[in-house]
Each structure stands twice: as C-alpha cells, then as structure tokens.
Amino acid sequence: MKAVDYSQDLDTVFAHLETSAEGLSAAEAAERLARFGANEITFRKTPAWRRLLAQFYDPMVIILLVTAGITTTLTLLGEHMLPDTLVIIGVVVLNALLGFVQEGKAEGALDALRTLLVQECLIIRAGTEHRLPARELVPGDLVALEAGDKIPADVRFVRVSNLHVDESSLTGESVPVQKITGALAGQDLVPGDQRNTGFSGTYVSQGTATAVVIATGHQTVFGQIAGMVKSAQVKITPMQRKLNEFVRSLIIAILAVGTVSFFYTLYLGFSISYGFLGAVSLVVASIPEMLPALMTSILALSGVVMARRKALIRHLPAAETLGATTVICSDKTGTLTENRMTVTRVYAGDRVYDVSTGATPLEGEFSLEAPVDVTGHPALSTLLTAGSYCNNAHLSGDGGTGDPTEIALRQSGHKGGVRLEQIRRVEEIPFDSSTKYMAVLVDTDQGRQVWVKGAPEVVLGMCDQSLDAQGQPTSLDSARVAGQATAFASNALRTLGFAMKSVSLDHADLRHEDLSGLVFVGLQGMIDPPRAAAKDAVAICKEAGIRTMMITGDHPDTARAVAHLLGIEASRAVTGAELTGMNEADLRTLVETVSVFARVAPEHKKAIAQALQANRHVVAMTGDGVNDAPALKAADIGIAMGRSGTEVAREAADMVLQDDNFATIVAAVEEGRHAWNNVQKAILYTLPTNAAQAFLILGAVLLAAQVPLFGVRFVLEPVQILWINLLDSVLLTMPLVMERKERDLLKAPPRAADEGIINARFVQRLLIMGLAISLPGFALYYYFGAPAVVGGQRVDALLLTQAQTAAFWGILLAHIGYVVSARSLKQSAFSFSPFSNPWLLGGIAISIGIRLIPTAIPAANELFRTAPFPLAWWPYILACFFPSFIAIEFLKRWEKRKG
Ligand code: ATP
C-alpha cells in the first residue's frame, strides 16, 4: 500500500489504499487488522514502582517517618525505643502496600468501565453497512459519518453533504471547518488547512459524509501527538476533597495538641522520652490512615455496580452526586418511550386515513371508512413518497437500520407501494433538532425536485399551496392543517409534515433559503409507546422526592399526552418559543411548576438546567445530540444515551445509559444513594474510633499529675495504636461498605445537596462514641494496673504491661460493639440479622484471630509491649462490648425521635 496525502485525487487515493467504493471484504479487513494493529491509542501507564512511591508522599506518612527518625535518635541516645521504630516503619510500609493495592483495584474497576464505553462507527464493507467498534477500523475501510460522530481515524472524504467538522481538539480553532472532497494544492499544509481530510478525535458538527480511512491508531495525527500522553488521572469527588481538607486540618490540629501535650508533660517534670511518647501516641491515634483509600474504593465499587445495572459512570464524582439528585430532566423519545415508531394515521388531500399493521411491519392497509387502494388516492400516494424520499433509513424484514422515525416512514411508504429505484439524491440538508426539518434535492423521472419533512409548523411556514385529494395544487389553509396536526398530537402521535416543489435542473445545491413557495403534501402521525418500566420509574421517583420533567423537541400536545400516560404532571406544557426571551426570574418560577417542555431547542435545555440549579436543585439531564453537549455539561449529572446518542454527547456526559432507558437513571440514583450511605457509614464509624484512641492518650496525659499510674505509662503503646488504626479499621470498615442496600433508599427525600459529612450529627457521634469506646479501655487499664504503681514508683512492671494488653483487647471489643450496629445509619441492630453480612463476621473473626499474634506469641510480646494476663480478666474485657453497643443504639433512637 502506498502513502496517501491531501494532494492526490480520489482515484489515486483509492488505488493507493487498494480499496473501492464498496469498501474492503471481511477477509481483507481481517488481514489488514492483523498487519496494522487495532485502531486505538494506548496510553503510557504510570509504572507500578512510581505509584507505590507516591503512597509515601502523604502528610500522614511523612509524620510517621519523622516520628520514626526521632525514636531512632532516642534509641541511639540509650532510650528503649527500638520496637517503636520498627513497628512504625513496618506500619508505614504496610500502609503504603495497602493503599497501593486499594488504589490499583479502584483503577482497575475504572479501567474496566472505560472499556465498556467503546466508540462504534458505521463501516461499509463489501457494499453493506455494519456497526462495529471503531478499534476494528483498518486503512482502506469506508465509513459513514453524520452529525455528532467522532471521526474514528484519519480519513479522506469521498462524499460530503454540508459537512462541518469541529477540529478544536486538534487545532484549537473553535469554528467548525467545512470539508470538501477534491485534491488540494500547496505544500506542507498543516492539518487545519487540509480541508479534504478528517482527523481522528475531531467531531462532525453538521452534515453527513462517506470517507475512506487513510491512517489508524498511532499512525493518525492525534496518535502521534498522544503517544506521549499519560492516562487520565482519577478525578476526586467534592466529598473526597472535603474529606481531604478535613484530614489536613485534623493533622494540623493534632500536631498542635501533640506539641502542647509534649510541653505539658515536660512542665509536669516527666522525661523528654516520656513526653515524646505521649505526643507521638496522640498523633498516631488521631489520624485515620486508611480513610482516603477507603473512600476511593467505595465510589469505584459503586461505579461497578451501576455498570451492572447498565449505567456507566464516566467520572467518579457522578456516583456521589447522583444520590443527591432532586430533578431528572428527560428526553421523551427513546428514553421515556420505546423509540419504536409506527405510522398509524396520515392526513392527505384533506382526508384522514388510518394505517393498520399486518403480520410484519411492512404489511398493512390504509383505510378511510373501509380499506382503500393507494393508487386511487394521489395525495396519499405523494405523501407516502415524500416520507420515503426524505429518508436515510434502510428497511429489513422486521425492522430496519437508521433513525426510527425514518424507518417508520419507509415502512408506511412500503405499505403504500412506494419503491425508490428511480430516484437519485443530489443534495441533502440533514435533520437538526434546532431547525426541526430535513430536506433533499432529488432527480426523478419527473425532473429535479425538493422534498422537505419536519415539524408541521416549520414545514407549513415554507408552503403557500397544498395538494387537494386529486393531487393538484390548491390554496393552502394553514389553520386547518395546524388544527389537524394538533388533533394528531393530542392523541400522543409524533407528527411530521411534508412538502415539495419542482425546480430546474441547473438548481444544483440546496440551501435553507431555497425552502419557500413549497406545496404542502400532508401529515404522518406515528405512535411511540411509552416504556412500561418508565411509568414505574416515574412513580418511584415521586416517592423518592425526585421530580421528573420531560423536555422534548416534539409537539406540546404529543408531549402532554405522553407525559400523562407516564404519570408526569402534564396540566401545562411550555414551548421553547415561550422560553425565548423570558427573563431569569420568570424562568426560575416557571420551572418550579411546569414539568413538560416541548418544541425546545438544545439551548433551552441548558437554560432550564441552570434555572433549576439556581433554585438549588441537583439536576440530572439527558441528551443525545451534538447540540446537547452544553446542557449535559451544565447539569450536575449529564446523561448520554449509549445506543442512540452521539459520541459528542457521550463525551460531554457524566454517565452513559447503555440501554437508553429512563428506569436505568432511577437505578443509578438508588446506587448513588447507597454509595453516599456507605461513605457516611465508613466515616461515622472510623473517625469516632480514632477519637476514642486520642481520648485515651489525652486523658492519660491530663491525669498524669494526679493519678500516678498515668505518670508511668499511657493506656496504650503507640505500636498498639497503630495496629488498631491500620488493621482493625480495614477489617471492620471494609465490610461495612459491603453491607446490602437498605430497603428504603428510594422512599426518603434526597439529601440536601450541601449536606456535609462534618455536621452536628457527626460531632455528636464523635464525642459520644469516642467516650463510649475509650472509657472502658481506660477503666480496664486503671482497674488492673493501679496496684503496679505505688507512691509514683513502678513496683510491678509486668502488671503494667498486662493491664495495657487488657486495654488493647478491650478496645477491640468496644469497636466490635460499635461496628455491629454501625451497619445501618438509622436502623437498630436488632432490626436486621446479625448473620446477614458474612464479610463483617469474617472481618470480626480475623481481627480477633490476628490480635493473638501480638498478644499470645511470646516472641512478639517484646515488639508490641504486651504480656499474657490471667484468664479471670476476660469477663471484664468482654464486657467492653456493651458500652459502645448500647451508646450507638440509644444515639440512633434519639436521632430518629428528633427527626
Ligand atoms: P426528544 O427531544 O424527547 O428526543 P424528539 O425526538 O421529538 O423528542 P427532536 O428529535 O428534536 O425531538 O425532534 C423534534 C421534531 O422534529 C419532531 O417532533 C419532529 O416533528 C421533527 N423530526 C424529528 N425527527 C426528524 C427527522 N428525522 N426528519 C425531519 N423531522 C424530524
């Protein structure tokens, strides 16, 4: 294969690429795929060692490392602090490894999600169109492109119709470039000037084209630039940002308290190493080392579950925001309805015909009172011809390929005997949801003609005559036609108007300005049944305090009729025309009361989203077209259609619906609420346990002067605290996240969008649970250890160590008492089975099992500063389960009563 460039004519290009207007054969394509490789750009991944190293670049780890440095120095100066040093370093390494693994898992999950979002394109092979993943493209393939498509490889245009391409991603030029097919002169043209070439990664903003692939994957212009680009970073969510900020301020506060505690102990006359130990213990106790990694895991996990329910999250923040959604603005066609159109009623020659469907969609009859023969009804025949001429769909046995509206029109045409052999398409103005029409210029055996189809009022505006029953032009009664269109719409029919005119043969191109003086041909009305699941989903939303709004390009009466069938408030429908020029304050009032918007253009969707947001709503908005991108970006959650949507909409969205179904949005909202619950659970469990340990140490420091026992040793050793913070928090918090969804997630109103996690309820829990966990540990240590210190002198070092070991165990039991109830944010632990979360049972069993390592293995006793204690102490230790369990149960009941 020889090289191709912009200066060659198309014949040369085809010859060099060894292809034809039919495209490649399947065998040839397979052979080329093996030769050239897949059409994709593989990003350079951050190497594993760099990601591991990045784990150490964290304020908490740095504090721990500095601490280890100081304990080493003290050891060298003769203090007995080697075990602390070893354990701190062990912890830092373990923490890094755990973080690394967690992050790897979260990223793996996200990568898997990304591979589900494959770009597809229409490839022409051996003369037929196939929808295939873009990665299978090879040089020489022919592709069909339309507005909204991302150009899948570098291509040379073979046929263009009003083709405009947005190349801003490549050239920075924001005005779309009109493309042509001929050869270009000039040397070394930059991509921006190569007007006959399309570049991978740019978007078709208008028009249609057929193009031949000239380069794929890393051979494309974008591939050559992107070769060096790193993979995209995982975005953090607003909640994670807040949490990180919180942890950062926490660290500063803790360092300050630690420093004060250090000087306080020195002031009391204790040794430097004792004071330092207190400060270190306090710092280590209060920092929730594992929390940030845990948050990423929760959201990634929830992304995976959503994907299983056919909602693909493109950015992690969406998982979190979804849970707070208060309004869902949905398109009608395809999302709330099935997008399976069938023409059931037509209006031609001032008569209304019913259309039946037979055994297949291609069979059926037209009837007035009784079935009629279409050939005897010239106006009807012309109307059906119009539907077939203004059409890019292809029929197949029981359906077809292309836009469902156009498939329905081809089907009704087929029923009426329309065949398309004798026409040649000269030019097309493609359908655009802003202009709401589509037009073609065709050559038929009656000469050159313009045919238009579109929203009835738009088409009527182009006409000054209409066809009578005999198919002869007569004067147009616009009001009568409009009345008929309204009657169709009120019956939930999606209605299109048709018009035509003959032009001279030298009329070679078609422009918007040419569309006047047309003859109105008739109307075709089609049903598009509402999705059964959508009706249920609307009802579920209502119960969940989420309003469903329908925003559609269709006629207001059709919109209202369909909304009514679905249970959406439909007493009034406001049109795009009414929205234009409305001031912001009026719009804000309007969106609170009206739920159906019709005949809207994409820019209205953005205005509606913004008005809702100004009213403090969290807005999820669907979209599928090129022009929907700004609205999708403006909404809190932009939702694109996976099947019918354009690539532009998908790239602008936060979430993609694999099945285009409204009910899937509701499922995703439920998962979003679940994720938020999990985040809350993890935080409301973890941070009070840190507080408890901090209280233990702080209590000991403060009492050191009064109670001789605390002047000798703090309740727990730093190494023990690290053990608790690291292992217990993973073993007991992770299972909380695996907790089954609470049943009533969609029965309560959405959470307030600005509901922080760090609120009054949180502070309450922190204090009460902190005390409920720490006091038993404190008491154990005091009760068993007090005899070991007499008159400020240590008389029994072993007893002291035993008392600490007992407290070390007591804290674990207190945590278990808390966690069995922390499984639900609001429900009592008695309302669910203790065995329904096997993960938690496993976590509890393992945390008890591995606690035996530092306490029961003699070799480890020295390292962890533990000692075996009498069996008779166990009842006291086991009793530590209850204070925290009872406290959290009471707290929940109290919170519930308070509402
Ligand atoms: P939604 O916005 O809910 O998906 P919709 O599909 O009706 O609803 P648009 O696709 O913007 O919205 O269509 C708006 C109007 O344009 C339709 O009501 C119809 O009258 C007309 N229309 C739709 N598709 C075509 C088409 N392929 N050719 C010509 N006119 C069309």
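Read on for a plain summary of the structure. (Residues numbered from 1 in each chain as written. Predicted model: local features only at pLDDT ≥ 70, side-chain atom pairs only at ≥ 80, totals over all residues. Heavy atoms only, no water.)

### Describing the pairing of strand S19 (residues 463-467)
Now for step 1: Direction of pairing for S19 relative to strand S22 (residues 518-527): parallel, over a ladder of three bridges. Bridge assignment links Gln465 to a residue of S22, and that residue is Val519.
Now for step 2: Connecting S19 to the next strand, strand S20 (residues 473-475), in antiparallel fashion are five residues, including Gly471 with a positive phi near 85°. (Pairing = 2+ DSSP bridges. Helix = DSSP H or I, 4+ residues; strand = E, 2+ residues; numbered from the N terminus.)

### Considerations on the nonpolar core
A general trend in soluble globular proteins is that nonpolar side chains are found buried together.
Now for step 1: Ranked by size, the top nonpolar core spans 77 residues in total, and within it Val715, Leu716, Tyr781 and Ile877 carry the most contacts.
Now for step 2: With 15 residues, helix H27 (residues 797-822) is the single largest residue contributor to this core.
Now for step 3: Setting aside chain neighbours within four positions, we find Tyr781 in contact with Leu709, Phe710, Arg713, Phe714, Val715, Ala786, Leu800, Ala803, Gln804 and Ala807.
Now for step 4: Counting residues in each nonpolar core, the second largest holds 41 residues, with Leu316, Ala318, Val562 and Met655 among its members. (Core = buried A, V, L, I, M, F, W, Y, C linked by side-chain atoms within 4.5 Å. Buried < 20%, exposed > 50% of the residue type's maximum accessible area, 1.4 Å probe, protein only. Contact = heavy atoms within 4.5 Å.)

### Some words on the side chain of Gln194
Now for step 1: Summarising the element assignment, Gln194 is placed in the loop between strand S5 (177-178) and strand S6 (197-198).
Now for step 2: In this structure Gln194 comes out as buried when scored by relative accessible area, which is 13%.
Now for step 3: Excluding anything up to four places from it in sequence, Gln194 contacts Tyr6, Lys179, Leu184, Leu189 and Phe199.

### Details of the site of the ligand
Now for step 1: Taken together, 20 residues lie around the ligand, and Lys332, Lys453, Arg494, Thr552 and Gly553 are the ones closest in.
Now for step 2: Contact between the ligand and Glu406: a nitrogen atom at 3.3 Å from a side-chain N or O atom of the residue.
Now for step 3: Here Thr495 contributes a backbone N or O atom positioned 3.4 Å from an oxygen atom of the ligand.
Now for step 4: Coverage of the ligand by the protein amounts to 92% of the 600 Å² it exposes when considered alone.
Now for step 5: Looking at the shell around the ligand, the elements that each hand over two or more residues are strand S18 (447-454) and strand S21 (494-503).
Now for step 6: With three residues, the single largest contributor to the shell around the ligand is S21. (Near = heavy atom within 4 Å. Polar contact = N/O pair within 3.5 Å; in protein donor to acceptor, adjacent residues only side chain to side chain. Areas by Shrake-Rupley, 256 points an atom, 1.4 Å probe, with all protein chains shown as cover.)

### Overview of the side chain of His604
Now for step 1: Locating His604 in the fold gives a position in helix H20 (residues 602-614).
Now for step 2: If near-sequence neighbours (up to four positions away) are discounted, His604 is found in contact with Gly576, Leu579 and Thr580.

### Brief notes about the packing of helix H19 (residues 584-593) against H20
Now for step 1: Remark: H19 packs on H20, axes separated minimally by 9 Å, with the N-to-C direction vectors making an angle of 85°. It follows that H19 is roughly perpendicular to H20 by the angle criterion. Contacts between H19 and H20 involve Leu587, Arg588, Val591 and Glu592 from the former and Ala607, Ile608, Ala611, Leu612 and Ala614 from the latter.
Now for step 2: Looking at the contact of H19 with H20 residue by residue, the classes come out as seven nonpolar, no polar and two charged. (Axes fitted to C-alpha atoms, helices over the stretch in contact; angles between N-to-C directions. Parallel < 35°, antiparallel > 145°, perpendicular 65-115°, else oblique. Nonpolar A, V, L, I, M, F, W, Y, C, P; charged D, E, K, R; others polar.)

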